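# Inside the fold
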Amino acid sequence: LPGQLDDDSRCPVIVVDVLRATTSIAVAFAGGAREIVVCGSLRAARDAARKLGPRVLLCGETNSRRAKGFDLGNSPVEWQRTMLRGRTLVLVTTNGTRALRGVADGRAVFAGALVNRAAVLRAALAEGPGGVAVMCAGTERGTRLALEDVVVAGAYVELALTEGVEPADEALAALRLWQSCGGDALSAFREAAHGRHLEALGFRGDLELASQADVMNVAPRLRQTDGRLVL
Ligand code: MLT
């Protein structure tokens, strides 16, 4: 969880917020988006979008609904239907962008979902032999775990084991959870509290999209540009 990462460890971090920030991010890059500015608040996102000009898309949610005055919410299905090729997006979400910003201190940081698991893991492992941390963005500002993120963390562990990585106990716990799904991520997402909340709001399609493994070959990486955090 955010806050549990050992400060001395410089290993690459894969931040997972499968419902829905990191899935939306993967969809954006698979659709040809140029970059995504990762913001810490609605106000910071509005300011960044204003400075970046009219071609920029302001994206984000409050309580999973499109934030007031924003161009797009945080729905990967909505993003997939929007022409994002060459566009710059500015994004703020409740837990996902917060988790990304929280580890942006010099480590290699990737935004990982299930749809781009293989591509992200490959990129993170290519950083060196020191291991990889998978951070579950969780809920309530990263203080509590979200079932769907741990399930997906387990999917990353499963693939990492085929690369000879030694799992920590937390990783093994996530792996067991993933294995208990028998490959049916959608059922686990539908069981999870946030999945139920999204489904009640009419976002069932987002769960379906997010539950597909390894269908997008993009590995969004965080970098600092002109004082901004950008994927
Ligand atoms: C978050 O960052 O908390 C989520 O991505 C919220 C959402 O489902 O839009």
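Residues numbered from 1 in each chain as written. Predicted model: local features only at pLDDT ≥ 70, side-chain atom pairs only at ≥ 80, totals over all residues. Heavy atoms only, no water.

### A closer look at the overall build of the protein chain
The cut-off we apply is this: Secondary structure elements are taken from DSSP: a helix is a run of H or I of four residues or more, a strand is a run of E of two residues or more, and numbering for both begins at the N terminus. Here the globule rule is a power law, 2.2 Å times the number of residues to the power 0.38, and the radius of gyration is based on C-alpha atoms. Accessibility here uses a 1.4 Å probe with only protein chains present; expressed as a share of the type maximum, an area under 20% marks a residue as buried, one over 50% as exposed, and anything in between as partly exposed. Surface accessibility follows the Shrake-Rupley procedure with a 1.4 Å probe radius. Residue values consider only the protein chains on display as shielding. All tallies of charge rest on Lys and Arg as positive and Asp and Glu as negative; His and the ends of each chain are not included. By convention, charge coordinates are those of NZ in Lys, CZ in Arg, CG in Asp, or CD in Glu.
Each helix and strand in the protein chain was counted, giving 10 helices and 9 strands. Taking 2.2 N^0.38 as the reference for a compact globule, 231 residues should give roughly 17 Å; the C-alpha atoms of the protein chain span a radius of gyration of 16 Å, in line with that estimate. When its C-alpha atoms are laid out on the principal axes, the protein chain stretches across 45 × 40 × 30 Å. Sorting the 231 residues of the protein chain into buried and exposed places 51% on the buried side. Split by element, the accessible area of the protein chain, about 10800 Å² in all, is 47% carbon and sulfur. Each charge class in the protein chain was averaged separately, 28 positive and 26 negative side chains, and the resulting centres sit 10 Å apart.

### Section: the pairing of strand β6 (residues 109-112)
Worth spelling out the cut-off: Pairing between strands requires that DSSP locate at least two bridges from one strand to the other.
Where burial is concerned, the two faces of β6 agree: the one with V109 and A111 and the one with F110 and G112 are both buried. Pairing of strand β1 (residues 13-16) with β6 involves 4 bridges; the strand directions are parallel. Each bridged residue has a counterpart across the sheet, and for I14 the counterpart in β6 is F110.

### What to know about the nonpolar core
Applicable threshold: Nonpolar cores are built from buried Ala, Val, Leu, Ile, Met, Phe, Trp, Tyr and Cys residues. Side-chain atoms within 4.5 Å join them into one set. Whether two residues are in contact is decided by their heavy atoms, any of which lying within 4.5 Å being enough.
Formed by 35 residues in total, the largest nonpolar core has its most connected members in I36, W79, L89, L100 and L231. Per element, the largest residue contribution to this core is 5 residues, and it comes from helix α1 (residues 21-30). Excluding residues that lie within four positions of it along the chain, L100 makes contacts with V15, I25, V38, V109, F110, A111, L222 and L231. Of all hydrophobic cores here, the second largest spans 24 residues; its members include F110, L114, Y156 and A188.

### Some points on the site of the ligand
As a reminder, the rule being used: The rule for a residue being near a molecule or strand is that one of its heavy atoms must lie within 4 Å of it. Contacts described as polar in this section are N or O atom pairs within 3.5 Å, which, within protein, must combine one atom able to donate a hydrogen with one able to accept it, while residues neighboring in sequence count only if both atoms come from side chains. In this analysis a 1.4 Å probe is tested at points of a 1 Å grid over the protein atoms alone, and where it fits but cannot get out there is a cavity; an open set with protein on both sides within 12 Å along at least five of seven lines is a pocket; lining residues have an atom within 4 Å of a point. Any molecule with more than half of its atoms within 2 Å of a cavity's or pocket's grid points is counted as sitting in it. Side-chain classes follow a simple rule in which Ala, Val, Leu, Ile, Met, Phe, Trp, Tyr, Cys and Pro form the nonpolar group, Asp, Glu, Lys and Arg form the charged group, and the remainder, Gly included, forms the polar group.
Taken together, 13 residues sit near the ligand, with R20, N74, T93, G96 and H194 positioned nearest. D17 places a side-chain nitrogen or oxygen 2.9 Å from an oxygen atom of the ligand. Between an oxygen atom of the ligand and a side-chain N or O atom of H194, the distance comes to 2.7 Å. The cavity where the ligand resides is the second largest pocket. Its residues assigned to classes, the shell around the ligand comprises 3 nonpolar, 7 polar and 3 charged.

### Structural notes on the layout of surface pockets
Once rolled over the atoms, a probe with the size of a water molecule shows which space is left empty. Here is the rule: Grid points are joined across faces, edges and corners, and a volume is the space filled by probe spheres set on the points.
Here the largest pocket defines a volume of roughly 820 Å³. Lining the largest pocket we find 31 residues, and of these A133, V134, A168, E170 and A171 sit closest to its centre. Within the residue set of the lining of the largest pocket, elements represented by two or more residues are α5 (117-125), β7 (133-136), α6 (147-161) and α7 (169-180). Broken down by element, the residue count for the lining of the largest pocket peaks at 6 residues, all from α6. Among the residues forming the lining of the largest pocket, the class breakdown is 24 nonpolar, 4 polar and 3 charged. Considering only enclosed or pocket space, the second largest pocket measures out at about 370 Å³ in volume. Lining the second largest pocket are 22 residues, and of these N95, G138, T139, E148 and H194 sit closest to its centre.

### A short note on the environment of L72
Considering the arrangement of structural elements, one finds L72 in the loop between β4 (65-66) and α3 (76-81). Along the chain, L72 and L58 lie 14 residues apart, while their C-alpha atoms are 6.4 Å from each other. Non-local contacts of L72, meaning those with residues more than four positions away in its chain, are made with L57, L58, C59, G60, R66, E78, W79, T82 and L84.

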